[in-house]
Every structure is written in C-alpha cells, then in structure tokens.
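Residue strings, one per chain:
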Amino acid sequence: MTERQTYSPLAKALHWIIGALVLISLPIGIVMADLHEGPLQDNLFVLHESAGLIVLALMLPRLAVRLRRRPGMSEGLTPIQRLVAKATHRTLYLLLLATPIVGWLALSAYGLGPSFFWLGHLPTLAPKDEPLSKQLFEVHELLGWAVLALIALHIAGVIRHRIAGDEAAWRMFPESWRK
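Computed from a predicted structure; not experimentally measured.

Student: Just checking my understanding: could you explain the nonpolar core for this structure?
Tutor: A general trend in soluble globular proteins is that nonpolar side chains are found buried together. Of all hydrophobic cores here, the largest spans 28 residues; its most connected members are Ile18, Val22, Met59, Leu96 and Val147. Broken down by secondary-structure element, the contributors of at least two residues to this core are α1 (9–34), α2 (39–68), α3 (79–110) and α4 (130–164). The contact partners of valine 22, leaving out residues within four places of it in the chain, are Pro27, Val55, Leu96, Val147 and Ile151.

Dropping the structure here:
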C-alpha cells in the first residue's frame, strides 16, 4: 500500500499529551468519587480538575491543527469503516471539549471554580445551584464513560490497521519508530 502523509509534530505532541492527561484523569475521576472526604479525595479532585483544564486548553490548538492539515484516510477502508472512523474522531473531539466544560459548569453550580493544581481556583461560570450541579456532575460522568468507550474504539482501529499491515497505525508515532 502507498504510504500516507503523517501528522505534523505539533499534532502528534498534542495527541499524546492530551491522551496521557485523559488516561490519567479518567481513573482519578472514578476513584475520587468513591472515596471518603479527606485529604486524599481533595488532592485527587485537584489533579482531576487540573488535568481537565489542561485538556480543554490543549484541545483548542489541537482542533485548529486538525482542521488546517489532516492526512487523508487510509486506503482500503470500506465505506462503513470510513464512516466509523470519521464519527469516532469527530465525537472524540466534541467530547474532549464538552467534558471539561460540563465539569467546570458542574463545579460552578456547586459553588466552586476548578482548581488549577494547588495554585488557586478559576472563576465560576454559573451561579450556585446545587440541584443543577448534581445533574451536571452526572452528565460529566456519562461523558467521561463515553470518552473511555471511544478511546477503546480508537485503539481498536489502530490495532486493526496494524494487523492489516498498512501505514495508518504509524502516522501518529514518531518517525524513528517506523524503522
């Protein structure tokens, strides 16, 4: 098969940084919700909120890079595979923007701005409304599970490309790994 164009170094860096932050943030979010109140839970909340803020901040340039220059789809995909690939990527981008925004709104309705590490809180985006906060936290949790499901589908696609022997699986890795 012919080799397809790779992603830019900036796109690759943003992809892997955001991926790492999401893969750190998701389990922290699951664990912290089930802990008793105390210093451990407080620290996990700070880490989860901080990672979410960084994901949100990095998704904006990531989206701009993606819209400006994107390699074409892998050759040999069936129409349904193309549809699944497009839908997965678009939905993942949407969720990686929406999930931290909904989390920020949920915290705001609870009466807090998100923590950025231990440096302080960002401003609230909504007035205090605890019933709304509970609903928004539920939506935030559902979005997190949807992100996890799409990451699994994304990884399955990478594995499919690798098994098929095409170059698509390598486009997001450093060039030196291809040798």
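Next comes the rest of the description.
Student: I tried to follow the pattern of salt bridges on my own but got confused; where do I start?
Tutor: Two side chains bearing opposite charge may form a pair once their charged atoms approach each other closely. The full count for this structure, using the stated rule, is one salt bridge. Of the charged contacts in the structure, one is a salt bridge between lysine 128 and glutamate 130, with a shortest N-O distance of 3.8 Å. On the basis of relative accessible area, lysine 128 is assigned to the exposed category, the value being 59%. For glutamate 130, a relative accessible area of 38% gives the class partly exposed.

Student: Help me understand the packing of α3 against α4 in this model?
Tutor: Any two packed helices are characterised by the angle at which their axes cross and by the distance between the axes. Where α3 contacts α4, the axes come no closer than 8 Å and their chain directions differ by 155°. Taken together, the axis directions place α3 and α4 in an arrangement best described as roughly antiparallel. Read as a crossing pair, α3 and α4 show a hand that is left-handed. When its residues are assigned to classes, the contact of α3 with α4 shows 21 nonpolar, ten polar and two charged.

Student: Mind showing me how you'd approach the environment of leucine 132 here?
Tutor: Note on placement: leucine 132 falls in helix α4. Separated by 23 residues in sequence, leucine 132 and alanine 109 place their C-alpha atoms 6.4 Å apart.

Student: For this particular structure, what's the right way to read the packing of α1 against α4?
Tutor: Contact geometry of α1 with α4 gives a least axis separation of 11 Å together with a crossing angle of 130°. In terms of orientation, α1 and α4 fall into the oblique class. You can see that α1 and α4 cross each other, and the crossing is left-handed. Contacts between α1 and α4 involve His15, Val22, Leu23, Leu26 and Ile30 on the former and, on the latter, Gly144, Trp145, Val147, Leu148, Ile151 and His154. Class assignment of the residues belonging to the contact of α1 with α4 gives a composition of eight nonpolar, three polar and no charged.

Student: Help me out: how do you make sense of the packing of aromatic side chains in this one?
Tutor: Think of a pair of aromatic rings as described by two things: how far the centres are apart, and how the planes are tilted against each other in angle. On inspection of all chains with the given rule, the structure shows two aromatic pairs. Between phenylalanine 116 and phenylalanine 117 the ring centres are 5.0 Å apart and the planes differ by 75°, which places this aromatic pair in the edge-to-face class. Relative to tryptophan 118, the ring of phenylalanine 117 lies with its centre 6.4 Å away and its plane at 40°, an arrangement referred to as tilted. For phenylalanine 117, a relative accessible area of 30% gives the class partly exposed. For tryptophan 118, a relative accessible area of 53% translates into the label exposed.

Student: Please clarify how the side chain of arginine 66 should be interpreted in this entry.
Tutor: Looking at the element boundaries, arginine 66 is found in helix α2. Of the polar contacts made by the side chain of arginine 66, one reaches the side chain of tyrosine 7; its length is 3.3 Å. Sequence-distant contacts of arginine 66, that is, excluding residues within four places in its chain, are made with Tyr7, His89 and Tyr93.

Thresholds, definitions, all that
Residues numbered from 1 in each chain as written. Predicted model: local features only at pLDDT ≥ 70, side-chain atom pairs only at ≥ 80, totals over all residues. Heavy atoms only, no water. Core = buried A, V, L, I, M, F, W, Y, C linked by side-chain atoms within 4.5 Å. Buried < 20%, exposed > 50% of the residue type's maximum accessible area, 1.4 Å probe, protein only. Helix = DSSP H or I, 4+ residues; strand = E, 2+ residues; numbered from the N terminus. Contact = heavy atoms within 4.5 Å. Salt bridge = Lys/Arg side-chain N within 4 Å of Asp/Glu carboxyl O. Axes fitted to C-alpha atoms, helices over the stretch in contact; angles between N-to-C directions. Parallel < 35°, antiparallel > 145°, perpendicular 65-115°, else oblique. Left-handed = near helix turned anticlockwise from the far one by under 90°. Nonpolar A, V, L, I, M, F, W, Y, C, P; charged D, E, K, R; others polar. Phe/Tyr/Trp six-rings, centres within 6.5 Å; stacked < 30°, edge-to-face > 60°. Polar contact = N/O pair within 3.5 Å; in protein donor to acceptor, adjacent residues only side chain to side chain.

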